[in-house]
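The primary structure of each chain is shown beneath.
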Amino acid sequence: MSQAHDHAASHGSVKSYLTGFVLSVILTVIPFWLVMNGNLNPHDTLLTIAGFAVVQILVHLKYFLHLDFTTEGRVNTLAFLFTALVIVLLVGLSVWIIFSADALMMP
């Protein structure tokens, strides 16, 4: 029974979850406001949204998935990074094969 309690203790506290939630809301509202306001040109708006999306992914990884490079979390983080690499390679190479096949079939 104590092992389950120790495992739960390695997860975040209510404060860290609230911090992650507030950061996620802020990182969602700012790009939404930029799009609705329309002050930036479309290219700059797209780059800003992409930047906020990357930061929000990092916030989710840290505060909700608890991925970090401490001694306890290093194995989980490396497993996540390896999984992400495999997915990127699988999707990227599949798209490459499909486009190559399409180019070879066109007259």
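Residues numbered from 1 in each chain as written. Predicted model: local features only at pLDDT ≥ 70, side-chain atom pairs only at ≥ 80, totals over all residues. Heavy atoms only, no water.

Novice: I'm lost on helix α3 (residues 42-63) in this one. Help?
Specialist: Residues spaced three or four apart along an α-helix point in a common direction, a consequence of the helix completing one turn every 3.6 residues. Here α3 spans 31 Å end to end across 22 residues, near enough to the 32 Å set by a 1.5 Å rise per residue. Burial in α3 covers these residues: Thr-45, Gln-56, Val-59 and Leu-61. Against α2 (14-37) and α4 (74-105) lie the buried residues of α3. (Helix = DSSP H or I, 4+ residues; strand = E, 2+ residues; numbered from the N terminus. Expected span 1.5 Å × (residues − 1). Buried < 20%, exposed > 50% of the residue type's maximum accessible area, 1.4 Å probe, protein only. Contact = heavy atoms within 4.5 Å.)

Novice: Any chance you could explain the UniProt feature "transmembrane region" (unreviewed entry) in the chain here in plain terms?
Specialist: Those residues carrying the UniProt feature "transmembrane region" (unreviewed entry) are residues 16-34, 46-65 and 77-99 in this numbering. As a span, residues 77-99 carries 100% helix and 0% strand, and end to end its C-alpha atoms are 33 Å apart. (UniProt positions renumbered as here; feature names shortened; annotations may be inferred.)

Novice: Which parts of the structure should I look at to understand the packing of aromatic side chains?
Specialist: Aromatic rings considered in pairs are described by the distance between their centres and by the relative angle of their planes. With the rule as written, the count across this model stands at 1 aromatic pair. Summarising the aromatic geometry, the rings of Tyr-17 and Phe-64 are spaced 6.2 Å apart at their centres and angled 20 degrees between planes, so their arrangement reads as stacked. Highlighted residues: Tyr-17 in helix α2 and Phe-64 in the loop between α3 and α4, separated in sequence by 47 residues. Looking at Tyr-17, the relative accessible area reads 32%, which means it is partly exposed. (Phe/Tyr/Trp six-rings, centres within 6.5 Å; stacked < 30°, edge-to-face > 60°.)

Novice: What is the right way to read the side chain of Thr-77 from this model?
Specialist: Residue placement: Thr-77 occurs in helix α4. A distance of 2.9 Å separates a polar atom in the side chain of Thr-77 from the backbone oxygen of Gly-73. Sequence-distant contacts of Thr-77, defined by excluding residues within four places in its chain, comprise Leu-67, Asp-68 and Phe-69. (Polar contact = N/O pair within 3.5 Å; in protein donor to acceptor, adjacent residues only side chain to side chain.)

Novice: Sorry, what's going on with the packing of α2 against α3 here?
Specialist: Two quantities define a packed helix pair, namely the angle between the helix axes and the distance between the axes. Close contact between α2 and α3 brings their axes to 10 Å; oriented N to C, the two are set at 170 degrees. Overall, the two elements α2 and α3 adopt an arrangement that is roughly antiparallel. The residues of α3 that touch α2, namely those facing Ser-16, Tyr-17, Thr-19, Gly-20, Leu-23, Ser-24, Leu-27, Thr-28, Ile-30, Pro-31, Leu-34 and Val-35, are Thr-45, Thr-48, Ile-49, Phe-52, Val-55, Gln-56, Val-59, His-60 and Tyr-63. When the residues that make up the contact of α2 with α3 are grouped by side-chain class, the tally is 12 nonpolar, 9 polar and no charged. (Axes fitted to C-alpha atoms, helices over the stretch in contact; angles between N-to-C directions. Parallel < 35°, antiparallel > 145°, perpendicular 65-115°, else oblique. Nonpolar A, V, L, I, M, F, W, Y, C, P; charged D, E, K, R; others polar.)

Novice: Looking at this structure, how should I read a nonpolar patch on the surface?
Specialist: On the surface, Phe-21, Val-22, Val-25, Ile-26, Val-29 and Ile-30 cluster together into a nonpolar patch covering about 490 Å² of accessible area. Mapping Ile-26 onto the fold places it in helix α2. Note on Ile-26: relative accessible area 41%, which makes it partly exposed. (Patch = residues over 30% accessible without salt bridge, like charges linked within 9 Å, V, L, I, M, F, W, Y side chains within 5 Å. Areas by Shrake-Rupley, 256 points an atom, 1.4 Å probe, with all protein chains shown as cover. Salt bridge = Lys/Arg side-chain N within 4 Å of Asp/Glu carboxyl O.)

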